[in-house]
Amino acid sequence: WPSLIPAALRMATLSFAVGLNKGFPTEKKARVARRAKGAKTPKAELCREVVREVSGLLAYERRLLDMLKTGGTSAEKRMYKFAKKRLGTHKRALRKRDDIKDLYSRMRARA
């Protein structure tokens, strides 16, 4: 029966057992684009901002702010160590420290 099918069609539908093109040749279905989970949308950002404004700082964040206010030579290092102990990772601690520093600078600018 292979001789009954034209050669060009036979090559197009040829399937391999191994390699990048293995398996029966099929066409990909066109899928609808979906939103990326965890992406910052304007709505979510506004919601977080409002919640932060209403609820205020957490206890450990107030402590971080206090460390920054009292200052000293190693305030940033102490802030980092404390944040790392509470949050668990280096990256989160650095981000939280920077957030609190940013918050403090905004507070000082307002006053």
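It should be emphasised that the depicted structure is a prediction, and the values quoted were computed from it without experimental measurement.

Criteria and thresholds
- Residues numbered from 1 in each chain as written.
- Predicted model: local features only at pLDDT ≥ 70, side-chain atom pairs only at ≥ 80, totals over all residues.
- Heavy atoms only, no water.
- Helix = DSSP H or I, 4+ residues; strand = E, 2+ residues; numbered from the N terminus.
- Buried < 20%, exposed > 50% of the residue type's maximum accessible area, 1.4 Å probe, protein only.
- Contact = heavy atoms within 4.5 Å.
- Patch = residues over 30% accessible without salt bridge, like charges linked within 9 Å, V, L, I, M, F, W, Y side chains within 5 Å.
- Areas by Shrake-Rupley, 256 points an atom, 1.4 Å probe, with all protein chains shown as cover.
- Salt bridge = Lys/Arg side-chain N within 4 Å of Asp/Glu carboxyl O.
- Lys, Arg positive; Asp, Glu negative; His and termini not counted.
- Charge placed at Lys NZ, Arg CZ, Asp CG, Glu CD.
- Core = buried A, V, L, I, M, F, W, Y, C linked by side-chain atoms within 4.5 Å.
- Expected span 1.5 Å × (residues − 1).
- Arc of directions from axis to C-beta.

Chemist: Explain the overall build of the protein here, please?
Modeler: Per the secondary structure count, the protein includes 5 helices and 0 strands. Secondary structure of the protein in N-to-C order comes out as α-α-α-α-α. Among the 111 residues that make up the protein, the fraction classed as buried is 16%. Considering only residue pairs separated by 6 or more positions, the protein has 32% of its internal contacts joining residues 24 or more positions apart.

Chemist: I keep staring at a positive patch on the surface and nothing clicks. Help me out?
Modeler: Together, Lys40, Arg48, Lys91, Arg92 and Arg95 give the surface a local cluster of positive charge. Sorting elements by how many residues they give to the positive patch places helix H5 (residues 90-110) first, with 3 residues. Residue placement: Arg48 occurs in helix H2 (residues 42-55). Residue Arg48 is classed as exposed on the basis of its relative accessible area of 54%.

Chemist: Where do I start with a nonpolar patch on the surface in this structure?
Modeler: Taken together, the side chains of Leu46, Val50 and Val54 present a nonpolar region at the surface, about 300 Å² in accessible area. Tracing the chain through its elements places Leu46 in helix H2. Leu46 sits in the exposed class, given a relative accessible area of 52%.

Chemist: How should the nonpolar core be read in this particular structure?
Modeler: Soluble globular proteins: nonpolar side chains tend toward being buried together. In terms of nonpolar packing, the biggest core is built from 13 residues, with Leu64, Leu65, Met79, Phe82 and Ile100 touching the most fellow members. Of all the secondary-structure elements, those providing two or more residues to this core are helix H3 (59-70), helix H4 (75-87) and H5. The leading source of residues in this core is H3, at 5 residues.

Chemist: Hey, could you run me through H5 in this one?
Modeler: For the α-helix, the turn length of 3.6 residues means that residues three or four positions removed from each other point alike. Helix length check: H5 (21 residues) gives 30 Å between terminal C-alpha atoms against 30 Å at 1.5 Å per residue, within 8%. Along H5, the residues that are buried comprise Ala93, Lys96, Arg97, Ile100 and Tyr104. All buried residues of H5 fall inside an arc of 100° around its axis, so they share one side. Of the exposed residues in H5, the ones pointing more than 90 degrees away from its buried face are Lys91, Arg95, Ala109 and Arg110. Summarising the contacts, the buried residues of H5 are in contact with H2, H3 and H4.

Chemist: When you look at the side chain of Lys96 in this model, what are you seeing that I'm missing?
Modeler: Here Lys96 lies in helix H5. Those residues in contact with Lys96 that sit more than four places away from it in its chain are Arg52, Tyr60, Glu61, Leu64 and Leu87.

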